[in-house]
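Listed below, chain by chain, are the residues.
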Amino acid sequence: MMLKKSRSLVALLVGSAACLSPGLALAIQQQRQSYDMPAQDLGDALRGAAELADIELYAASRDLEGKTAPALKGQLTPREAIAALLEGSGLTARFDNRSVVILSDTSVPFTPPIEADPIIVTGSRIAGAPAAAPVIEVTAEDIRNAGHADLGEVARSLPQNFGGGQNPGIGSGQGVQNENGNVNGASTFNLRGIGANATLTLLNGNRFAYSGTQSVIDVSAIPAAAVERIEIVTDGASAIYGADAVAGVVNILLREDYDGITTSVRLGGSTDGGNFQQQYNLLGGVKWEGGGFLATYDYFDNSAILARDRSYATASNPASTLYPRLKRHSFLLSGHQQLSPGIKLKADALYKRGDMGSVRGLFVDRPITTRGTIVNNEFETFGIAPTLEADLGSDWNASVTAFYGTDKTLGVTQNFTNGVATLPLRVFNNRSLSFEAGVEGPLFALPAGDLRLAAGGGWRRNRLAATVNGRDFSGRRDNRYAYGELFLPLVSPAQNLPVAYRASLTAAVRWEDYSDAGSIIVPKLGFVYAPVAEFSLGASWGRSFKMPTLNQQYSGYTPVLLPVTGYGTLFPPGSTYIYLGGRNPDIGPERSENMTLSATFRPSSRLQIVTSLFRIGYRDRVAPPFGSPLGTLTNPLFADLIAFNPSPALQAAAIAGAADPLGNGTTGSYNPANVIALLDGRDRNIASQRFKGADLSLRYRAPIGAETLTLTASGTWLDSRQQLLPGLPVADLAGTIFNAPHFRARGGATFGGARFTLASFLNFTGGVTDRRRTTPVNISSIATLDLSARMKIGGVAEVTVNALNIFNAKPEPTAVASPSDTPFDSTNYSAVGRFLGVTISRDW
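Throughout, residues of each chain are indexed from 1 in the direction in which the sequence is written. Restriction of local features to residues with pLDDT of at least 70 applies here, the model being predicted, together with a cutoff of 80 or more for giving and counting side-chain atom pairs; totals for whole chains, interfaces and linings are based on all residues. In computing side-chain values, all of the structure's heavy atoms are included and hydrogens and water are not.

Chemist: Just checking my understanding: could you explain the overall build of the chain for this structure?
Modeler: Think of it this way: any DSSP run of H or I at least four residues long counts as a helix, any run of E at least two long counts as a strand, and we number them from the N terminus. The number of helices and strands found in the chain is nine helices and 45 strands. Expected size for 844 residues packed as a compact globule is a radius of gyration near 28 Å; at 29 Å, the chain falls within 12% of this value. Judged by the C-alpha coordinates and their principal axes, the chain covers about 95 × 60 × 50 Å. Think of it in three bands: residues with accessible area under 20% of the maximum for their type are buried, residues over 50% are exposed, and the middle band is partly exposed, with areas taken using a 1.4 Å probe on protein chains only. Taking all 844 residues of the chain together, the buried fraction comes to 54%. Note on contacts: a residue pair qualifies if any of its non-hydrogen atoms lie within 4.5 Å across the two residues. Across the chain, the fraction of contacts at a sequence separation of at least 24, relative to all contacts at a separation of at least 6, is 69%. Note on areas: Shrake-Rupley, 1.4 Å probe, and residue coverage restricted to the protein chains presented here. Of the roughly 34,400 Å² that the chain leaves accessible, carbon and sulfur atoms contribute 59%. The globule rule used for comparison is 2.2 Å times the number of residues to the exponent 0.38, while the radius of gyration itself is calculated over C-alpha atoms.

This is the structure in structure tokens:
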């Protein structure tokens, strides 16, 4: 769960002069600088002033909560600037040679600061526990500078993320793992390309309702204007958060305090045609003593991108869509209130409604109404998560959280044949309900600090009711769980030991019991060692798991009668066999073992370099045992899947248990006496995968006059392989078509301040190899350049201009089996092309 910011003294690292002597530090504090800061939240103002002065700031967030700083302008020393910001707040500042501490009458006596870590709320339930695995942070400022319209675009820009799975731009014929995943225009995180439902996504630390057919939440439903930051842990975390946290955890954190009203309008489009975007946003909030409330409404609309508008899509029908038409309305409410000393109530509520449309032609030169499909999907999402927090005394905290949510999708597909359309209907109704309670606090004191414990448990129910092509199915899963986590400090800076600056150990275990899978226990260990303040090492090991989706487990299988061919005289003439394919109610959890080693070098607050090595062994993945039943009857690898000479009763039971009637792929009628085998090709827990690689990120931030220059770089190298069954060959995943590339990177430079910001980002997506044919074909990598400029025009408005993919890099065409397939790898490369947009916003 999240750290309780109002319950602990936290260090806000906003500047450092670690390499300076006390005399030089004092000189910096007396140096006059140019300040031009608007009236704003006191914490934000202090952070900005300290950053400009390049000093460390320490404050208790409970002392700053609900306070506003006045506007600040002029040539001032850091002491004068901070004193002006604190005027009337009841707080005072005490300067040390390298830092400033904000104190109130109730603050603890000042001691020299010993920690300088940023506030991290994801990856541990222990307040103040350092992360053993790297945490990627994307701030609201980063989102605005990059020109992202929603959180889906944020996800797809990250090098650690893969665009395949449940994302609106994924086309047809893009690999089995990406087919039919998106029925409602949802956007999801898919870390390492392991699968969207193997990345756990949270909103303010809480799970929300699953979307469509997948065990994921739609991040595009969360208005970006309401987001304070996103924290991403690229490490298995099921021992902390439960199922689905195989590749990692994404925690979307909302603004807690906002006072005022902001309106914004965004218009833009692709210069090659299509994708005309309209976005209108209203953000409002109010703060009062002991509480606050935020509300936001976001309307988004983009037109479709058609094949006729893209030069690399000549193999498709000109009217086919490469990116769907999408419209959505999103509402978000978030509030908190101090009910009494030590008791706080918080709640988040989310609502989304919209529709998506796409077109696909089965022939290049014929109208869609001759042979093609027109798909229209409507969707609606609702969720509410109240939380009650209590201060139990002696630094112990308790919380109780509940959640109720629904996600509904209604889809109509018009299948045209010579002007006549059939109208198969698809309905997916997801519903989630959960309760959780937990405590966190110190057990006893040790020389390096308190031994702390977090423990709790809960109950959750997920339900899916669906109708597909006139057939109904439903599934429900209940689970109970309990967790515990210990934080053991081994060395603290206050001890001044020669062997280490800081060292700690964390250990977690989680028990979950499922109504359809039994019990699961997963552990996790983390170790952090910092020989000096500027350098730290981390090691993390743990086991994680993912439950199969309710659609995977309960949508049913299909029986087909097939002729026995290609076996010579081995079987009697006229022999047939029954093939069972599709879903399997007997599948269970997928399991992983994760290890991450990391190093963080922070020579000053201006520069941070983080590198990590990771390895994920993923077993019991749900998959069909073979791609085609041809040749399986005599293959010893599949002997356990075959029942030879099945009795009529066994055949009848297999047919009766299917979701569909028996299909007949022979020229004759079904005769149980001619059936020589029953082949079970349904999904099962058989596949094993291995993911390994390295991440590197760099961030440099420095004041230049009254402005700030920020340089960032991030890159990921990935190698992944899969073995479907023991005895079958190991196949490459990473670097092959419709899978994550071996290498992705993103670097940027941002310069500006309160009045203007200029930003530029370079994105690189490595090439992949198409091995679907005898001769492999290499598909080229793509590099794109984005530019953004943001400027305040007096007190009237802020204008932002974005030029994304300014050189209009295009994906390379790929081979297709038919014109209905998307003619490029849409899991890695985008049809958007060059995009130009303008945003105008105003504070009222």
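Structure shown, so let's carry the discussion forward.
Chemist: What exactly am I supposed to notice about the nonpolar core here?
Modeler: Nonpolar side chains in soluble globular proteins tend to be buried together. Counting residues in each nonpolar core, the largest one holds 43 residues, and the members touching the most others are L151, I222, I230 and I252. Within the residue set of this core, elements represented by two or more residues are α6 (151-157), β11 (227-233), β12 (248-254) and β32 (607-623). For L151, the residues in contact, after removing those within four places along its chain, are I143, V219, I222, A224, V227, I230 and I252. Counting residues in each nonpolar core, the second largest holds 24 residues, with A50, A59, L76 and L85 among its members. Residues enter a nonpolar core if they are buried and are Ala, Val, Leu, Ile, Met, Phe, Trp, Tyr or Cys, with the set joined through side-chain atoms within 4.5 Å.

Chemist: Hey, could you run me through helix α4 (residues 78-86) in this one?
Modeler: Residues that lie three or four places apart on an α-helix share one face, since the helix turns once every 3.6 residues. Within the span of α4, buried status applies to P78, A81, I82, L85 and L86. Around the axis of α4, the buried residues are gathered within 130° of arc, so they sit on the same side. Directly after α4, the chain includes G88, whose backbone phi takes a positive value near 80°. Summarising the geometry, the arc corresponds to the directions from the helix axis toward the C-beta atoms.

Chemist: Would you mind showing me how to read unusual backbone geometry here?
Modeler: Across residues other than glycine, the phi torsion is negative in most instances, and most of the peptide bonds are trans. Phi is positive for N469, which is not a glycine, with a value near 55°. Mapped onto the elements, N469 comes out in the loop between β24 (449-468) and β25 (471-491). Non-glycine residue N805 carries a positive phi angle of around 55°. Here N805 is to be found in the loop between β44 (797-804) and β45 (835-843).

Chemist: Mind showing me how you'd approach the side chain of T401 here?
Modeler: Relative to the helices and strands, T401 is located in strand β21 (residues 396-417). Under the relative-accessibility criterion, T401 is labelled buried at 8%. In terms of polar contacts, T401 uses its side chain to reach the side chain of T387, at 3.1 Å. Whenever a nitrogen or oxygen atom comes within 3.5 Å of another N or O atom, the pair is scored as a polar contact, on the condition that within protein one atom can donate a hydrogen and the other can accept it, and that pairs from neighbouring residues in sequence are kept only if both atoms are in side chains.

Chemist: Is there a simple way to explain the pairing of strand β43 (residues 782-793) in this structure?
Modeler: Residues in a regular strand point their side chains to alternate faces of the sheet. The rule for pairing is simple: two strands pair if DSSP sees at least two bridges between them. Where strand β40 (residues 756-765) and β43 come together, 10 bridges link them in antiparallel fashion. Paired with F761 across the two strands is D786, which belongs to β43. Bridge count between β43 and β44: seven bridges; the pairing is antiparallel. Counted as the bridge partner of S788 is N802 from β44. Linking two consecutive strands that pair antiparallel, namely β43 and β44, is a turn of three residues; a positive phi of about 55° is found at G794 within it.

Chemist: Help me understand a nonpolar patch on the surface, please; the structure alone is not making it clear to me.
Modeler: Patch criteria: residues need more than 30% relative accessible area and no salt bridge. Like-charged residues are merged within 9 Å; nonpolar side chains of Val, Leu, Ile, Met, Phe, Trp and Tyr are merged within 5 Å. Here a salt bridge means any side-chain nitrogen of Lys or Arg lying within 4 Å of a carboxyl oxygen belonging to Asp or Glu. Taken together, the side chains of V265, L267, F276 and Y280 present a nonpolar region at the surface, about 320 Å² in accessible area. Judged by its relative accessible area of 31%, Y280 falls in the partly exposed class.

Chemist: Honestly, the environment of Y258 in this entry has me stumped. Any pointers?
Modeler: Within the secondary structure, Y258 sits in the loop between β12 and β13 (260-270). In this structure the C-alpha to C-alpha distance between Y258 and I230, which are 28 residues apart in sequence, comes to 18 Å. In this structure the side chain of Y258 is engaged in a polar contact, spanning 2.3 Å, whose partner is the side chain of T262.

Chemist: Sorry, what's going on with the packing of helix α2 (residues 42-53) against α4 here?
Modeler: Each pair of packed helices can be summarised by the angle the axes make with each other and by the distance between the axes. Here, axes are lines fitted to C-alpha atoms. For helices the fit covers the stretch in contact, and angles between N-to-C directions go from 0 to 180 degrees. At a closest axis distance of 10 Å, the pairing of α2 and α4 adopts a crossing angle of 175°. Taken as axis vectors, α2 and α4 run roughly antiparallel relative to one another. Judged by residue contacts, L42, A45, L46, A49 and A53 of α2 engage P78, I82, L85 and L86 from α4. In the scheme used here, Gly and all other residues not listed as nonpolar or charged are polar, with Ala, Val, Leu, Ile, Met, Phe, Trp, Tyr, Cys and Pro taken as nonpolar and Asp, Glu, Lys and Arg as charged. Class assignment for the residues of the contact of α2 with α4 results in nine nonpolar, no polar and no charged. By the definition adopted for this analysis, an angle is roughly parallel if under 35 degrees, roughly antiparallel if over 145, roughly perpendicular if from 65 to 115, and oblique otherwise.

Chemist: Please clarify how the environment of L423 should be interpreted in this entry.
Modeler: Here L423 is to be found in the loop between β22 (420-422) and β23 (425-446). As for L423 and R510, which are separated by 87 residues in sequence, their C-alpha atoms are 46 Å apart. When residues no more than four places from it in sequence are discounted, the contact partners of L423 are V412, T413 and Q414.

Chemist: Any chance you could explain the environment of V412 here in plain terms?
Modeler: By the secondary structure assignment, V412 is in strand β21. It is 41 Å that separates the C-alpha atoms of V412 and A673, two residues lying 261 residues apart in sequence. Those residues within four positions of V412 in sequence are excluded, and the remaining contacts are I374, V375, N376, N377, L423, P424 and L425.

Chemist: Got a minute to help me understand the pattern of salt bridges in this structure?
Modeler: Pairs may arise between side chains of opposite charge once their charged atoms sit close together. Applying the stated criterion across every chain, the model contains 39 salt bridges. The closest approach of N and O atoms between R192 and D695, which form a salt bridge, is 2.6 Å. Within this pair, whereas R192 is found in the loop between α6 and β10 (199-203), its partner D695 is found in strand β36 (residues 684-704), the two being separated by 503 residues in sequence. Across the pair K352 and D218 runs a salt bridge, and its minimum N-O distance is 2.3 Å. Separated by 134 residues along the polypeptide, K352 in strand β19 (residues 343-361) and D218 in the loop between β10 and β11 bring together distant segments of the chain. Across this residue pair, the class does not change: K352 and D218 are buried. If you follow the salt bridges from partner to partner, you end up with R690, D719, R721, D732 and R771 in one network.

Chemist: How do you make sense of the packing of aromatic side chains when you look at a structure like this?
Modeler: Working definition: an aromatic ring pair is given by the centre-to-centre distance plus the angle between the planes. Pairing of aromatic side chains requires ring centres within 6.5 Å, counting the rings of Phe and Tyr and the six-membered ring of Trp. Pairs whose planes differ by under 30 degrees are stacked, by over 60 edge-to-face, and all others tilted. For the structure shown, the criterion picks out 13 aromatic pairs. Ring plane angle 80° and centroid distance 5.4 Å describe the contact between Y312 and F824, whose orientation is recorded as edge-to-face. Linking Y312 in the loop between β16 (305-306) and β17 (321-323) with F824 in the loop between β44 and β45, this pair joins segments that are 512 residues apart in sequence. No difference in accessibility class separates Y312 from F824, as the two residues are buried. A centroid spacing of 5.6 Å and a plane angle of 85° characterise the contact between Y567 and F571, whose relative ring orientation is edge-to-face. Judged by its relative accessible area of 17%, F571 falls in the buried class. Among the aromatic residues, those joined into a cluster by ring pairs are Y297, F331 and Y351. Any Lys NZ or Arg CZ found within 6 Å of a ring centre and within 35 degrees of that ring's normal is scored as a charge over the ring. Positioned over the ring face of F614 is R192, at 3.6 Å from the centre of the ring.

Chemist: Just to check I follow, could you spell out the sheet that holds strand β9 (residues 135-139) for this structure?
Modeler: Sheet architecture is open: four strands sit in the order β9-β11-β12-β10, paired in mixed fashion. Where the open sheet ends on each side, the last strands, each with one partner, are β9 and β10. Adjacent strand axes in the sheet meet at a mean angle of 15° when their direction is disregarded. Looking at chain direction, β9 and β11 are connected through five bridges and run antiparallel. Residue pairing across strands places E137 opposite E231, the latter belonging to β11.

Chemist: I tried to follow the sheet that holds strand β29 (residues 557-563) on my own but got confused; where do I start?
Modeler: Within a sheet, each strand pairs with its neighbour through backbone hydrogen bonds, oriented either parallel or antiparallel. If you walk across this open sheet you meet the five strands as β33-β35-β30-β29-β34, and the pairing is mixed. What marks the edges here is a single partner per strand, and that holds for β33 (642-644) and β34 (663-664). Pairing of β29 with strand β30 (residues 576-582) involves seven bridges; the strand directions are antiparallel. Note on β30: the bridge partner recorded for L562 is Y577.

Chemist: Is there a simple way to explain the pairing of strand β18 (residues 325-340) in this structure?
Modeler: In this structure, strand β15 (residues 291-302) lies alongside β18, joined through 12 bridges in antiparallel fashion. Bridging from a neighbouring strand, Y297 pairs with F331 of β18. Strand direction decides the pairing type here: β18 and β19, joined by 15 bridges, are antiparallel. Bridged to S334 within β19 is D348. A loop of two residues connects β18 with β19, the two strands running antiparallel in sequence, and G342 in this loop sits at a positive phi of about 90°.

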